[in-house]
Amino acid sequence: MPECLQMICKTPLPVVNGEIEGSEYTVGSHIIYKCSQGHKLEGPSKLTCQKDGTWDGKAPLCALIDCGPPEDISHGFLNSSGFHYNEYVQYFCFPGYEIHGSPTRQCLASGMWSGSVPSCLPCECSKPSVQHANIIGDNFSCGHSITIKCHDGFKLFGHSELSCESAGKWSSGFPYCGKVNCGPPPVILNAFINGSSSTFENAIKYTCLAGYVMQGNQDLVCTEEGKWSKPYPTCQLRSCGPPPSIPNTVINGNSYTFGSVIEYGCENGYVMDGEVATKRCVDDGSWSTEEITCVPRKCKLQSDTVKVKADYDINKTVTVTCKTGYTLSGPSTSTCMTDGNWLPPLTDDVCSPISCGQPSAPDHGTVLGTRYFYKDTVLYQCDAGYEIHVSAKK
(Lines give C-alpha, C1' and ligand atoms only; values in the text may rest on other atoms or scores of the structure.)
Protein backbone atom coordinates (compact mmCIF):
# COMPACT_ATOMS: atom_id res chain seq x y z
CA MET A 1 0.00 0.00 0.00
CA PRO A 2 1.57 3.39 -0.96
CA GLU A 3 2.45 6.08 1.62
CA CYS A 4 2.09 9.84 1.50
CA LEU A 5 5.24 11.45 2.88
CA GLN A 6 5.75 15.10 3.72
CA MET A 7 7.64 17.14 1.09
CA ILE A 8 11.17 18.31 2.09
CA CYS A 9 13.16 21.02 0.32
CA LYS A 10 16.83 20.55 -0.57
CA THR A 11 19.42 21.62 1.99
CA PRO A 12 20.48 25.18 1.05
CA LEU A 13 24.09 25.78 0.05
CA PRO A 14 26.28 27.75 2.49
CA VAL A 15 26.53 31.48 1.82
CA VAL A 16 30.01 33.03 1.59
CA ASN A 17 30.68 35.66 4.28
CA GLY A 18 27.34 34.87 5.92
CA GLU A 19 25.28 32.27 7.75
CA ILE A 20 21.86 30.54 7.54
CA GLU A 21 19.48 30.31 10.48
CA GLY A 22 16.92 27.47 10.49
CA SER A 23 17.33 23.73 10.20
CA GLU A 24 13.78 22.63 9.23
CA TYR A 25 13.30 22.14 5.48
CA THR A 26 9.70 20.83 5.44
CA VAL A 27 6.84 22.54 3.58
CA GLY A 28 6.09 25.90 5.17
CA SER A 29 9.43 26.09 7.01
CA HIS A 30 11.54 29.25 6.80
CA ILE A 31 15.32 29.88 6.69
CA ILE A 32 16.92 33.27 7.42
CA TYR A 33 20.12 34.57 5.74
CA LYS A 34 22.47 36.89 7.68
CA CYS A 35 25.76 38.39 6.49
CA SER A 36 29.04 38.73 8.41
CA GLN A 37 30.17 42.16 9.65
CA GLY A 38 31.25 44.42 6.80
CA HIS A 39 28.95 42.71 4.26
CA LYS A 40 25.42 43.42 3.12
CA LEU A 41 22.70 41.10 1.82
CA GLU A 42 21.87 41.19 -1.88
CA GLY A 43 18.59 39.27 -2.38
CA PRO A 44 15.86 38.04 -0.04
CA SER A 45 16.74 37.54 3.60
CA LYS A 46 14.08 34.77 4.06
CA LEU A 47 13.20 31.73 1.95
CA THR A 48 10.13 29.46 2.45
CA CYS A 49 9.83 25.77 1.48
CA GLN A 50 6.89 25.43 -0.95
CA LYS A 51 4.48 22.52 -1.42
CA ASP A 52 6.30 21.37 -4.53
CA GLY A 53 9.50 20.88 -2.49
CA THR A 54 11.30 23.96 -3.79
CA TRP A 55 12.34 27.19 -2.11
CA ASP A 56 10.35 30.25 -3.07
CA GLY A 57 13.39 32.20 -4.31
CA LYS A 58 17.11 32.17 -5.13
CA ALA A 59 19.66 32.25 -2.31
CA PRO A 60 21.01 35.78 -1.66
CA LEU A 61 24.71 36.88 -1.70
CA CYS A 62 26.78 38.67 0.97
CA ALA A 63 28.69 41.48 -0.76
CA LEU A 64 31.48 43.61 0.78
CA ILE A 65 30.15 46.98 1.95
CA ASP A 66 31.23 49.87 -0.32
CA CYS A 67 31.47 53.28 1.37
CA GLY A 68 32.02 55.08 -1.93
CA PRO A 69 34.53 57.92 -2.39
CA PRO A 70 34.80 60.21 0.66
CA GLU A 71 34.59 64.01 0.42
CA ASP A 72 37.42 65.91 -1.26
CA ILE A 73 39.62 68.29 0.69
CA SER A 74 40.50 71.88 -0.23
CA HIS A 75 44.20 72.58 -0.83
CA GLY A 76 44.94 68.87 -0.67
CA PHE A 77 44.19 65.42 -2.05
CA LEU A 78 43.46 61.92 -0.84
CA ASN A 79 45.14 58.59 -1.60
CA SER A 80 43.55 55.16 -1.27
CA SER A 81 43.62 51.66 -2.72
CA GLY A 82 39.84 51.20 -2.41
CA PHE A 83 36.63 52.29 -0.71
CA HIS A 84 35.34 48.98 0.75
CA TYR A 85 34.90 47.82 4.30
CA ASN A 86 38.06 48.11 6.50
CA GLU A 87 39.97 49.99 3.79
CA TYR A 88 41.58 53.37 4.52
CA VAL A 89 42.00 56.68 2.74
CA GLN A 90 44.71 59.21 3.61
CA TYR A 91 44.60 62.96 3.09
CA PHE A 92 47.61 65.08 2.10
CA CYS A 93 47.99 68.84 1.89
CA PHE A 94 49.64 70.80 -0.90
CA PRO A 95 52.94 72.61 -0.15
CA GLY A 96 52.37 75.66 2.07
CA TYR A 97 49.50 74.00 3.91
CA GLU A 98 49.35 71.63 6.84
CA ILE A 99 46.62 69.20 7.81
CA HIS A 100 44.33 69.77 10.77
CA GLY A 101 42.39 66.77 12.00
CA SER A 102 43.00 63.08 11.44
CA PRO A 103 44.62 62.43 8.04
CA THR A 104 43.18 58.89 7.80
CA ARG A 105 39.60 57.58 7.62
CA GLN A 106 38.30 54.01 7.56
CA CYS A 107 35.32 52.46 5.77
CA LEU A 108 33.01 51.13 8.53
CA ALA A 109 30.47 48.29 8.55
CA SER A 110 27.75 50.91 8.45
CA GLY A 111 28.88 51.99 4.97
CA MET A 112 30.06 55.33 6.38
CA TRP A 113 33.59 56.73 6.67
CA SER A 114 35.00 57.11 10.17
CA GLY A 115 35.65 60.56 11.63
CA SER A 116 35.27 63.73 9.59
CA VAL A 117 37.04 65.41 6.70
CA PRO A 118 40.28 67.13 7.85
CA SER A 119 41.19 70.58 6.57
CA CYS A 120 44.34 72.05 5.03
CA LEU A 121 45.20 75.42 6.51
CA PRO A 122 48.01 77.78 5.51
CA CYS A 123 51.33 76.97 7.25
CA GLU A 124 54.02 79.66 7.71
CA CYS A 125 57.23 80.06 9.70
CA SER A 126 58.38 83.25 11.40
CA LYS A 127 60.74 85.52 9.46
CA PRO A 128 64.33 84.53 10.32
CA SER A 129 66.95 87.02 11.51
CA VAL A 130 70.70 86.22 11.43
CA GLN A 131 73.22 88.93 12.33
CA HIS A 132 75.93 89.69 9.75
CA ALA A 133 74.08 87.67 7.11
CA ASN A 134 71.69 87.97 4.16
CA ILE A 135 68.53 85.87 3.87
CA ILE A 136 68.08 84.50 0.34
CA GLY A 137 64.43 83.65 -0.28
CA ASP A 138 61.20 85.37 0.80
CA ASN A 139 58.70 82.52 0.93
CA PHE A 140 58.42 81.40 4.56
CA SER A 141 55.50 78.97 4.11
CA CYS A 142 55.74 75.27 4.93
CA GLY A 143 57.64 73.18 2.38
CA HIS A 144 59.86 76.07 1.23
CA SER A 145 63.50 76.76 2.03
CA ILE A 146 65.74 79.77 2.60
CA THR A 147 69.53 80.14 2.38
CA ILE A 148 71.75 82.00 4.87
CA LYS A 149 74.82 83.76 3.43
CA CYS A 150 77.28 85.55 5.70
CA HIS A 151 78.70 89.00 4.95
CA ASP A 152 82.29 89.26 3.74
CA GLY A 153 84.75 88.65 6.57
CA PHE A 154 82.37 86.40 8.48
CA LYS A 155 82.17 82.62 8.58
CA LEU A 156 78.94 80.64 8.83
CA PHE A 157 78.59 78.23 11.73
CA GLY A 158 75.66 75.86 11.31
CA HIS A 159 73.44 74.97 8.37
CA SER A 160 73.26 77.42 5.48
CA GLU A 161 69.83 76.17 4.33
CA LEU A 162 66.70 76.01 6.47
CA SER A 163 63.32 74.51 5.56
CA CYS A 164 59.95 75.55 6.95
CA GLU A 165 58.38 72.35 8.26
CA SER A 166 55.02 71.38 9.71
CA ALA A 167 53.58 73.40 12.54
CA GLY A 168 55.46 76.45 11.26
CA LYS A 169 58.87 75.42 12.61
CA TRP A 170 62.24 75.78 10.88
CA SER A 171 64.12 72.54 10.21
CA SER A 172 66.99 73.48 12.54
CA GLY A 173 68.24 76.26 14.75
CA PHE A 174 69.44 79.43 13.05
CA PRO A 175 73.16 79.53 12.21
CA TYR A 176 75.36 82.47 13.10
CA CYS A 177 78.14 84.33 11.34
CA GLY A 178 81.29 84.99 13.32
CA LYS A 179 84.94 85.83 12.86
CA VAL A 180 87.03 82.78 13.78
CA ASN A 181 90.72 82.03 13.19
CA CYS A 182 92.07 78.61 14.18
CA GLY A 183 95.57 79.26 12.80
CA PRO A 184 97.48 76.84 10.53
CA PRO A 185 95.91 73.38 10.37
CA PRO A 186 97.87 70.45 11.87
CA VAL A 187 100.34 68.45 9.76
CA ILE A 188 99.07 64.90 9.27
CA LEU A 189 101.83 62.39 8.43
CA ASN A 190 101.45 60.89 4.92
CA ALA A 191 98.51 63.21 4.13
CA PHE A 192 97.87 66.53 2.44
CA ILE A 193 95.11 69.14 2.62
CA ASN A 194 92.73 68.67 -0.30
CA GLY A 195 90.50 71.76 -0.18
CA SER A 196 87.57 72.54 2.07
CA SER A 197 85.15 70.02 3.50
CA SER A 198 82.02 69.25 1.53
CA THR A 199 80.22 68.24 4.73
CA PHE A 200 81.05 70.91 7.34
CA GLU A 201 81.27 74.68 7.28
CA ASN A 202 84.61 76.31 8.09
CA ALA A 203 86.43 72.99 7.69
CA ILE A 204 89.26 71.48 5.63
CA LYS A 205 89.59 68.03 4.13
CA TYR A 206 92.65 65.76 4.28
CA THR A 207 93.56 63.11 1.70
CA CYS A 208 96.12 60.36 2.26
CA LEU A 209 99.08 59.84 -0.05
CA ALA A 210 98.92 56.95 -2.50
CA GLY A 211 99.27 53.62 -0.70
CA TYR A 212 97.79 54.92 2.55
CA VAL A 213 94.25 54.73 3.92
CA MET A 214 92.46 57.22 6.18
CA GLN A 215 91.67 56.26 9.77
CA GLY A 216 89.16 58.61 11.37
CA ASN A 217 87.29 61.61 10.00
CA GLN A 218 89.03 63.26 7.05
CA ASP A 219 87.40 66.62 7.90
CA LEU A 220 88.76 69.01 10.52
CA VAL A 221 86.46 71.83 11.64
CA CYS A 222 87.54 75.18 13.00
CA THR A 223 85.49 75.24 16.21
CA GLU A 224 84.00 78.18 18.05
CA GLU A 225 86.91 78.01 20.50
CA GLY A 226 89.36 78.77 17.69
CA LYS A 227 90.82 75.25 17.70
CA TRP A 228 90.79 72.51 15.08
CA SER A 229 88.46 69.67 16.02
CA LYS A 230 89.94 66.46 17.45
CA PRO A 231 90.79 63.62 17.16
CA TYR A 232 93.00 64.19 14.14
CA PRO A 233 92.85 61.56 11.39
CA THR A 234 95.82 59.30 10.61
CA CYS A 235 97.03 57.70 7.39
CA GLN A 236 98.00 54.06 7.75
CA LEU A 237 99.75 51.90 5.19
CA ARG A 238 97.14 50.22 3.02
CA SER A 239 97.01 46.44 3.40
CA CYS A 240 96.66 44.15 0.41
CA GLY A 241 95.72 41.17 2.59
CA PRO A 242 97.20 37.72 2.01
CA PRO A 243 98.78 37.36 -1.44
CA PRO A 244 97.05 35.19 -4.05
CA SER A 245 97.58 31.46 -3.82
CA ILE A 246 99.33 29.96 -6.85
CA PRO A 247 99.35 26.18 -7.44
CA ASN A 248 102.56 24.34 -6.52
CA THR A 249 104.18 27.39 -4.87
CA VAL A 250 105.27 28.47 -1.39
CA ILE A 251 105.29 32.11 -0.23
CA ASN A 252 108.25 33.78 1.44
CA GLY A 253 107.39 37.00 3.29
CA ASN A 254 104.77 38.03 5.86
CA SER A 255 104.39 41.78 5.29
CA TYR A 256 101.28 42.61 3.25
CA THR A 257 101.21 46.43 3.37
CA PHE A 258 101.80 48.94 0.56
CA GLY A 259 105.26 48.60 -0.97
CA SER A 260 105.88 45.13 0.49
CA VAL A 261 107.31 42.48 -1.82
CA ILE A 262 106.67 38.78 -1.33
CA GLU A 263 108.60 36.08 -3.14
CA TYR A 264 107.19 32.86 -4.51
CA GLY A 265 109.19 29.64 -4.52
CA CYS A 266 108.26 26.33 -6.07
CA GLU A 267 107.34 23.23 -4.10
CA ASN A 268 109.67 20.24 -4.15
CA GLY A 269 109.62 18.70 -7.60
CA TYR A 270 108.65 21.95 -9.38
CA VAL A 271 110.63 24.73 -10.98
CA MET A 272 109.79 28.37 -11.83
CA ASP A 273 108.63 28.89 -15.42
CA GLY A 274 110.00 32.32 -16.19
CA GLU A 275 112.12 34.95 -14.46
CA VAL A 276 109.39 36.69 -12.37
CA ALA A 277 108.93 35.25 -8.87
CA THR A 278 107.68 38.26 -6.86
CA LYS A 279 104.52 40.30 -6.34
CA ARG A 280 104.26 43.81 -4.89
CA CYS A 281 101.48 45.38 -2.78
CA VAL A 282 100.43 48.42 -4.85
CA ASP A 283 98.72 51.66 -3.83
CA ASP A 284 95.13 50.56 -4.56
CA GLY A 285 95.37 47.72 -2.02
CA SER A 286 95.85 44.92 -4.53
CA TRP A 287 98.78 42.72 -5.47
CA SER A 288 100.63 43.34 -8.72
CA THR A 289 99.57 41.15 -11.62
CA GLU A 290 102.80 39.38 -12.63
CA GLU A 291 102.25 35.91 -14.06
CA ILE A 292 103.96 33.31 -11.86
CA THR A 293 103.90 29.61 -12.73
CA CYS A 294 105.63 26.54 -11.29
CA VAL A 295 105.91 23.61 -13.67
CA PRO A 296 107.05 20.04 -12.89
CA ARG A 297 110.83 19.82 -12.68
CA LYS A 298 112.52 17.79 -15.45
CA CYS A 299 115.95 16.19 -15.51
CA LYS A 300 118.31 17.43 -18.21
CA LEU A 301 120.65 15.08 -20.05
CA GLN A 302 124.21 16.36 -19.65
CA SER A 303 126.02 13.47 -21.36
CA ASP A 304 127.03 13.52 -25.04
CA THR A 305 127.14 9.72 -25.23
CA VAL A 306 123.90 8.64 -23.55
CA LYS A 307 120.56 8.41 -25.40
CA VAL A 308 117.45 8.36 -23.16
CA LYS A 309 114.31 6.86 -24.72
CA ALA A 310 111.80 8.24 -22.21
CA ASP A 311 110.39 11.46 -20.71
CA TYR A 312 112.48 13.43 -18.26
CA ASP A 313 109.80 13.98 -15.58
CA ILE A 314 110.78 13.50 -11.95
CA ASN A 315 110.31 10.08 -10.35
CA LYS A 316 110.47 8.46 -13.79
CA THR A 317 112.94 5.62 -14.36
CA VAL A 318 114.33 5.41 -17.88
CA THR A 319 116.24 2.78 -19.79
CA VAL A 320 119.73 3.91 -20.77
CA THR A 321 120.99 3.33 -24.30
CA CYS A 322 124.15 4.63 -25.90
CA LYS A 323 124.51 6.70 -28.99
CA THR A 324 125.99 5.22 -32.15
CA GLY A 325 129.67 4.41 -31.65
CA TYR A 326 129.34 3.80 -27.92
CA THR A 327 128.62 0.79 -25.78
CA LEU A 328 127.02 0.61 -22.31
CA SER A 329 129.59 0.40 -19.52
CA GLY A 330 127.48 1.69 -16.61
CA PRO A 331 123.94 1.17 -15.20
CA SER A 332 121.19 0.29 -17.67
CA THR A 333 118.54 2.39 -15.86
CA SER A 334 118.46 5.76 -14.08
CA THR A 335 115.76 7.70 -12.15
CA CYS A 336 114.99 11.43 -12.43
CA MET A 337 115.07 12.70 -8.82
CA THR A 338 113.15 15.64 -7.33
CA ASP A 339 116.30 17.79 -7.31
CA GLY A 340 116.52 17.52 -11.12
CA ASN A 341 119.47 15.11 -11.16
CA TRP A 342 119.70 11.54 -12.42
CA LEU A 343 120.40 8.69 -9.99
CA PRO A 344 122.69 6.99 -10.79
CA PRO A 345 124.23 9.91 -12.69
CA LEU A 346 124.11 9.85 -16.48
CA THR A 347 127.65 11.01 -17.34
CA ASP A 348 129.88 10.31 -20.29
CA ASP A 349 131.37 7.38 -18.32
CA VAL A 350 128.12 5.42 -18.62
CA CYS A 351 128.76 4.79 -22.32
CA SER A 352 132.28 3.99 -23.56
CA PRO A 353 133.42 4.47 -27.15
CA ILE A 354 133.68 1.29 -29.24
CA SER A 355 137.26 0.09 -29.87
CA CYS A 356 138.20 -0.69 -33.48
CA GLY A 357 141.43 -2.42 -32.48
CA GLN A 358 144.90 -1.66 -33.83
CA PRO A 359 144.78 -1.49 -37.64
CA SER A 360 147.27 -3.53 -39.73
CA ALA A 361 150.17 -1.68 -41.35
CA PRO A 362 150.36 -1.88 -45.18
CA ASP A 363 153.30 -3.46 -46.87
CA HIS A 364 156.16 -1.03 -47.16
CA GLY A 365 154.44 1.34 -44.77
CA THR A 366 153.60 2.14 -41.14
CA VAL A 367 150.56 3.27 -39.02
CA LEU A 368 150.81 6.59 -37.13
CA GLY A 369 148.45 6.85 -34.07
CA THR A 370 148.00 5.32 -30.62
CA ARG A 371 144.16 5.55 -29.99
CA TYR A 372 141.84 3.17 -31.77
CA PHE A 373 138.38 4.12 -30.35
CA TYR A 374 135.24 5.53 -32.04
CA LYS A 375 135.99 8.79 -33.89
CA ASP A 376 139.77 8.42 -33.35
CA THR A 377 141.97 8.87 -36.47
CA VAL A 378 145.13 7.11 -37.62
CA LEU A 379 147.51 7.99 -40.52
CA TYR A 380 149.16 5.61 -42.94
CA GLN A 381 152.69 6.48 -44.13
CA CYS A 382 154.64 4.71 -46.94
CA ASP A 383 158.30 3.87 -46.79
CA ALA A 384 160.74 5.83 -48.95
CA GLY A 385 160.29 4.99 -52.60
CA TYR A 386 156.54 4.17 -52.17
CA GLU A 387 153.36 6.27 -52.46
CA ILE A 388 149.94 5.87 -50.87
CA HIS A 389 146.96 4.76 -52.88
CA VAL A 390 143.27 5.23 -51.90
CA SER A 391 142.91 7.31 -48.65
CA ALA A 392 145.59 8.30 -46.20
CA LYS A 393 142.98 8.33 -43.35
CA LYS A 394 140.86 5.58 -41.94
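Only a predicted model underlies this, so the values are computations on that prediction, with no experimental measurement involved.

## Quick word on the overall build of the protein
Looking only at helices and strands, the protein has 0 helices and 34 strands in total. Against the globule reference of 21 Å for 394 residues, the protein gives a C-alpha radius of gyration of 53 Å, more extended than a compact globule. The C-alpha extent of the protein, read off along each of the three principal axes, is 160 × 115 × 35 Å. Within the protein, buried positions represent 28% of all 394 residues. Entry remark: accessible area of the protein is about 25,100 Å², with carbon and sulfur atoms responsible for 51%. Between the averaged position of the 29 positive side-chain charges in the protein and that of its 39 negative side-chain charges there is a distance of 4 Å.

## Structural notes on the pattern of salt bridges
Going through the model one piece at a time under the given rule, you end up with 3 salt bridges. One salt bridge connects Glu71 with Arg105, and the closest N-O pair in it is separated by 3.0 Å. Taken together, the residues Glu71 in the loop between β5 (61–64) and β6 (76–80) and Arg105 in strand β9 (residues 104–106) connect sequence positions 34 residues apart. Its relative accessible area of 5% is what places Arg105 among the buried residues. The shortest N-O distance in the salt bridge between Arg371 and Asp376 comes to 3.3 Å.

## What about the nonpolar core?
Ile146, Ile148, Trp170 and Cys177 are the most contacted members of the largest nonpolar core, which totals 14 residues. Listing elements by their share of this core, those giving two or more residues are β12 (145–150) and β14 (161–165). Looking at which element gives the most residues to this core, the answer is β12, with 3 residues. In contact with Ile148, other than residues within four places in its own chain, are Val130, Ala133, Asn134, Ile135, Leu156, Ser160 and Pro175. Of all hydrophobic cores here, the second largest spans 11 residues; its members include Val320, Trp342, Leu346 and Val350.

## With respect to the UniProt feature "domain: Sushi" (unreviewed entry) in the protein
The feature "domain: Sushi" (unreviewed entry), as annotated in UniProt, sits at residues 7–64, 65–122, 123–179, 180–237, 238–296 and 297–353 in this numbering. Between the end C-alpha atoms of residues 65–122 there is a gap of 36 Å, over a span that is 0% helix and 38% strand. With 0% helix and 32% strand, residues 238–296 has end C-alpha atoms that lie 36 Å from one another.

## Examining the sheet that holds strand β25 (residues 278–280)
Here we have 3 strands laid out as an open sheet, ordered β22-β23-β25, and antiparallel in their pairing. What marks the edges here is a single partner per strand, and that holds for β22 (249–252) and β25. On average, each strand axis in the sheet is tilted by 25 degrees relative to the strand beside it, whichever way the strands run. Relative to β25, strand β23 (residues 261–266) runs antiparallel, the two being bridged by 3 bridges. What sits directly across from Ile262, in β25, is Lys279.

## Side note on the side chain of Thr48
Inspection of the secondary structure puts Thr48 in strand β4 (residues 46–48). When its relative accessible area of 18% is taken as the criterion, Thr48 is described as buried. Discounting residues that sit within four places of it in the chain, Thr48 has contacts with Gly28, Ser29, His30, Thr54, Trp55 and Asp56.

Reading the values: rules and limits
Residues numbered from 1 in each chain as written. Predicted model: local features only at pLDDT ≥ 70, side-chain atom pairs only at ≥ 80, totals over all residues. Heavy atoms only, no water. Helix = DSSP H or I, 4+ residues; strand = E, 2+ residues; numbered from the N terminus. Rg over C-alpha atoms; globule rule 2.2 N^0.38 Å. Buried < 20%, exposed > 50% of the residue type's maximum accessible area, 1.4 Å probe, protein only. Areas by Shrake-Rupley, 256 points an atom, 1.4 Å probe, with all protein chains shown as cover. Lys, Arg positive; Asp, Glu negative; His and termini not counted. Charge placed at Lys NZ, Arg CZ, Asp CG, Glu CD. Salt bridge = Lys/Arg side-chain N within 4 Å of Asp/Glu carboxyl O. Core = buried A, V, L, I, M, F, W, Y, C linked by side-chain atoms within 4.5 Å. Contact = heavy atoms within 4.5 Å. UniProt positions renumbered as here; feature names shortened; annotations may be inferred. Pairing = 2+ DSSP bridges. Axes fitted to C-alpha atoms, helices over the stretch in contact; angles between N-to-C directions.

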